[in-house]
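Below are the chains, spelled out letter by letter.
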Amino acid sequence: MGRRRAPELYRAPFPLYALQVDPSAGLLIAAGGGGAAKTGIKNGVHFLQLEQINGRLSASLLHSHDTETRATMNLALAGNILAAGQDAHCQLLCFQIHQQKSKNKAGKAGSKEQGPRQRKGAAPAEKSGAETHQEEIEFSVENLQAVQTDFSTDPLQKVVCFNHDSTLLATGGTDGYVRVWKVPTLEKVLEFKAHEGEIEDLALGPDGKLVTVGWDLKASVWQKDQLVTQLHWQENGPTFSNTPYRYQACSESGTFLGLGTVTGSVAIYIAFSLQRLYYMKEAHGIVVTDVAFLPEKGRGPELLGSQETALFSVAVDSRCQLHLLPSRRSVPIWLLLLLCVGLIVMTILLLQRAFPAFL
């Protein structure tokens, strides 16, 4: 038997590096590219429509946004605003979805002309020349402000995130500096050296605190540019400098932790106990570059169906895969019936012992 594979949700025409999910519109946003090298590999951001079809979660390309010579390496999402890390810069993108009904004359059978995407279920024309009412989806993406966010000798933005109300944006890169910007003007409001070496991850809290993780094996909590507390692995635990890096994601409720490895494997754990619930060895066969859970709000529950959670993964192999965790709370009907029969039998036996004269 061949190796078990996770369902392939989508394959892009370029390596994929970043992933975001918009729960309100049911969009999966995947980005990447071949960079500035003249290899013929494109660069872009693809917007995929998530849908439940015949009880299965599927994705179809809704819009492709060309990023010219810049590959997108990291993404953050706030409403309909995307912050895309492209080389040493951060580019803000605004996307809009418009749905409208239009009257069209039905064309001849076999016509290859294609317009905006039509929703499934639209009634076909009964005869040539008949008017049809179709619901069309128009998708547009606009480039907003862009700013250089890293200034090392080999500059690269490694991570980007919004704060809780999407008024601020924080970036980190190979020069070890945290920079905070106003949205959407990208006016810089804070800059400080956070780590010796690259910044690998950061998060802005609702109380104004900032958490950063760097290649110097330190995790730090900051109040603006003042260090509040710090964890240093060389002092508090073993050194992991030779351990392959893992990309991670946490579900919205904090229940699950998703991991992707440099060998292409994907796993889902219970967050508080780190009990492994799902593991797909070498699902991609090459480095996993990002993972993201299907959010538990908006259209998330509708798209999830009977599954307990869903994790998306992307990799350099250009594939986006779907990893489903079946609900652990559901009990098969046959088991419920068996338990009921057992309970009835036990009750009868107890009654016979208690009241032998009446039974």
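Residues numbered from 1 in each chain as written. Predicted model: local features only at pLDDT ≥ 70, side-chain atom pairs only at ≥ 80, totals over all residues. Heavy atoms only, no water.

1. Observations regarding the overall build of the protein
The cut-off we apply is this: The way it works is that DSSP assigns letters per residue, a run of H or I at least four long becomes a helix, a run of E at least two long becomes a strand, and they are numbered from the N terminus. Each residue gets one of three labels from its accessible area relative to the maximum for its type: buried under 20%, exposed over 50%, partly exposed in between, using a 1.4 Å probe on protein chains only. Whether two residues are in contact is decided by their heavy atoms: any pair within 4.5 Å suffices. Note on areas: these come from Shrake-Rupley sampling with a 1.4 Å probe, and a residue is covered only by the protein chains present in the view.
Scanning the protein from N- to C-terminus turns up three helices and 25 strands. Here the protein holds 359 residues, and the buried ones make up 41% of them. Summarising the internal contacts of the protein: among those between residues at least 6 apart in sequence, 49% fall at separations of at least 24. Carbon and sulfur atoms provide 55% of the accessible area of the protein, an area that totals close to 20,200 Å².

2. Considering the sheet that holds strand β17 (residues 218-223)
Selection criterion: Any two strands between which DSSP finds at least two bridges are classified as paired. To obtain an axis, a line is fitted to C-alpha atoms, over the contacting stretch when the element is a helix, and the angle between two such axes runs from 0 to 180 degrees between their N-to-C directions.
The antiparallel open sheet is built from four strands, whose spatial order is β15-β16-β17-β18. Looking at strand neighbours, the two that pair on one side only are β15 (199-204) and β18 (226-232), the edges of this open sheet. With direction set aside, neighbouring strand axes in the sheet form an average angle of 15°. Taken together, the five bridges between β15 and strand β16 (residues 209-214) define a ladder with antiparallel strand orientation. When the bridges of β16 are listed, D201 appears paired with V213.

3. Here's the deal with the packing of aromatic side chains
One pair of aromatic rings is described through two measures. These are the centre distance and the angle between the planes. The line we're drawing: Note on aromatic pairs: the rings of Phe, Tyr and Trp (six-membered ring only in Trp) are paired at centre separations within 6.5 Å, and the planes decide the class, stacked below 30 degrees, edge-to-face beyond 60, tilted for the rest. Only lysine NZ and arginine CZ atoms are considered, and such an atom sits over a ring when it is within 6 Å of the ring centre and within 35 degrees of the ring normal.
Using the criterion set out here, one finds four aromatic pairs in the structure. Aromatic pair F47 and F139: ring centres 4.7 Å apart, planes at 45°, arrangement tilted. In this pair, F47 is assigned in strand β4 (residues 43-53) and F139 in strand β10 (residues 131-148), connecting sequence segments 92 residues apart. Assigned by exposure class, F47 and F139 land together as buried. Through successive ring pairs, a cluster of aromatic residues spans F47, F95 and F139. Above the plane of the ring of Y279 lies R276, whose end atom (NZ or CZ) is 4.2 Å from the centre.

4. Let's talk about the environment of L75
In this structure, L75 sits in strand β6 (residues 72-78). Note on L75: relative accessible area 8%, which makes it buried. Not counting the four nearest positions on each side in its chain, L75 is found in contact with A18, L19, Q20, I29, A31, L82, A83, A84 and V160.

5. Focus: the pairing of strand β3 (residues 27-33)
Sheet faces and side chains relate simply in a regular strand, where the side chains alternate between the two faces. Along β3, seven of the seven residues are buried, which leaves the element largely enclosed by surrounding structure. The two faces of β3 match: L27, I29, A31 and G33 on one face and L28, A30 and G32 on the other face are all buried. As defined by bridge partners, strand β2 (residues 16-22) adjoins β3 across six bridges and the pair is classed as antiparallel. In the sheet register, D22 faces β3, and the bridge partner there is L27. Counting the residues that bridge the hairpin from β2 to β3 gives four residues, and of these G26 lies at a positive phi of roughly 65°.

6. Focus: the pattern of salt bridges
Our working rule: Any Lys or Arg side-chain nitrogen located within 4 Å of an Asp or Glu carboxyl oxygen qualifies as a salt bridge.
This model, assessed by the stated rule, comprises 13 salt bridges. With a closest N to O distance of 2.8 Å, E8 and R319 form a salt bridge. Residue E8 is located in strand β1 (residues 8-11), and its partner R319 is located in strand β25 (residues 319-326); the two are separated by 311 residues in the primary sequence. Judged by relative accessible area, E8 falls into the partly exposed class, the value being 40%. A salt bridge links K158 to E200; the nearest nitrogen and oxygen atoms lie 2.6 Å apart. Taken together, the residues span a long stretch of sequence, with K158 in strand β11 (residues 157-162) and E200 in strand β15 at a distance of 42 residues. Here E200 falls in the buried class, since its relative accessible area comes to 14%. Residues joined by salt bridges that share partners form a network here, namely E8, R11, D317 and R319.

7. Points about the UniProt feature "repeat: WD" (unreviewed entry) in the protein
The criterion, for reference: UniProt positions are given in the numbering used here, feature names are shortened, and annotations may be inferred rather than shown by experiment.
Sequence positions flagged by UniProt for "repeat: WD" (unreviewed entry) are, in local numbering, residues 160-191. The distance separating the terminal C-alpha atoms of residues 160-191 is 14 Å; by composition the span is 0% helix and 59% strand.

8. Overview of the nonpolar core
Under the convention used in this document: By nonpolar core is meant a set of buried Ala, Val, Leu, Ile, Met, Phe, Trp, Tyr and Cys residues that side-chain atoms within 4.5 Å join together.
Judged by nonpolar contacts, the single largest core of 22 residues is most densely connected at L9, L28, L50, L294 and F312. Ranked by size, the runner-up nonpolar core spans 15 residues in total, among them A18, L27, L75 and F95.

9. Looking at the sheet that holds β11
If you trace the four strands from one edge of the open sheet to the other, you get β11-β12-β13-β14, paired in antiparallel fashion. On the outer flanks of this sheet lie β11 and β14 (188-193), each paired with one strand and no other. Each strand axis lies, on average, 15° off the axis of its neighbour in the sheet, ignoring direction. In this sheet, strand β13 (residues 177-182) lies alongside strand β12 (residues 168-173) in antiparallel orientation, the contact comprising five bridges. In the sheet register, L169 faces β13, and the bridge partner there is W181.

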